[in-house]
Amino acid sequence: MRKINTRAIVIMALSVTLNIVCSNVILMLRLPIYLDAVGTIFAASLLGPFAGMAVGGATGVIMGVTTDIFSLFFMPVQLITGAIAGILYKRQQASQLKHSWWLALAISLPGTILSTIITIILFNGITSAGSSIIVQLLYGAGMSQSLAVFLVQVGTDYVDKLLTVIFVSVTGRLIGKRLSVNRN
């Protein structure tokens, strides 16, 4: 593993802050997306998988002890998101919008499966996220709880990661090579 320089530390700190701010705004508005991994994917795209995992883990801990206890339990989702995003962005340019749809799918699918399992087993289908409202509507309409949680997670996670990947692509174009750092 390479030495972490000051620039990498600053990018990671800003990425954690971005995760916390975006996540809290979405949580307060009760929207059916999360935006809790914007900074995780941003850091992973610039610095690689280990930085993405570090940002995701730090976000989970800070959010969990300050504003949303559920974040602690979903920290494994942040870790896997950071790892997969870092691996995929090593192969792709962060500023290429044409790859956004499949990058979002590849990044969101493992997290969707993991978050569905966590939501069903630990929280009986209900969390602090705005998507829980949709889960309850589907469950109340007669759908099984597991299927309702999975379908909502698939849809909301994909849209969430698509918006995030587009943000990372646009930001990558705007900042260009100025913030590029050797990846881990």
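For the structure itself, look to the data block above.
Residues numbered from 1 in each chain as written. Predicted model: local features only at pLDDT ≥ 70, side-chain atom pairs only at ≥ 80, totals over all residues. Heavy atoms only, no water.

Visitor: What am I meant to see in the packing of helix 7 (residues 131–140) against helix 8 (residues 145–175) here?
Guide: For any two helices packed against each other, one specifies the inter-axial angle together with the distance between the axes. Following both chains from N to C, one finds helix 7 and helix 8 inclined at 140°, their axes separated by 9 Å at the closest point. Our classification of the angle between helix 7 and helix 8 gives oblique. Classified by chirality, the crossing of helix 8 by helix 7 is right-handed. Between helix 7 and helix 8, the residues in contact are Ser131, Ile134, Val135, Leu138 and Tyr139 and Gln145, Ala148, Val149, Val152, Gln153 and Thr156, respectively. The class makeup of the residues in the contact of helix 7 with helix 8 is 7 nonpolar, 4 polar and no charged. (Axes fitted to C-alpha atoms, helices over the stretch in contact; angles between N-to-C directions. Helix = DSSP H or I, 4+ residues; strand = E, 2+ residues; numbered from the N terminus. Parallel < 35°, antiparallel > 145°, perpendicular 65-115°, else oblique. Left-handed = near helix turned anticlockwise from the far one by under 90°. Contact = heavy atoms within 4.5 Å. Nonpolar A, V, L, I, M, F, W, Y, C, P; charged D, E, K, R; others polar.)

Visitor: Even after reading the chapter, I still don't get the pattern of salt bridges, so can you show me in this structure?
Guide: When their charged atoms lie close together, side chains carrying opposite charge are able to pair. Evaluated as defined, the whole model comprises 1 salt bridge. In this structure, the salt-bridge partner of Lys161 is Asp160, at a minimum N-O distance of 2.9 Å. (Salt bridge = Lys/Arg side-chain N within 4 Å of Asp/Glu carboxyl O.)

Visitor: I'm lost on unusual backbone geometry in this one. Help?
Guide: Comment: phi is negative for the bulk of residues other than glycine, and the bulk of peptide bonds are trans. Positioned with a positive phi, Arg30 is a non-glycine residue whose angle comes to about 55°. Looking at the secondary structure, you find Arg30 in the loop between helix 1 (6–29) and helix 2 (38–47). Phi is positive for Asn124, which is not a glycine, with a value near 55°. When you line up the elements, Asn124 lands in the loop between helix 6 (100–123) and helix 7.

Visitor: Just checking my understanding: could you explain the packing of helix 3 (residues 49–66) against helix 5 (residues 75–91) for this structure?
Guide: Look at helix 3 against helix 5: their axes get within 7 Å of each other, and the N-to-C directions meet at 160°. By the angle between their axes, helix 3 is roughly antiparallel relative to helix 5. Here helix 3 and helix 5 pass one another in a crossing that is right-handed. Facing Pro49, Gly52, Met53, Gly56, Gly57, Thr59, Gly60 and Val61 of helix 3, the residues of helix 5 in contact are Met75, Gln78, Leu79, Gly82, Ala83, Gly86, Ile87 and Lys90. Partitioning the contact of helix 3 with helix 5 into residue classes produces 7 nonpolar, 8 polar and 1 charged.

It is worth stressing that arrangement in space is one thing and function is another; only the former is reported here.
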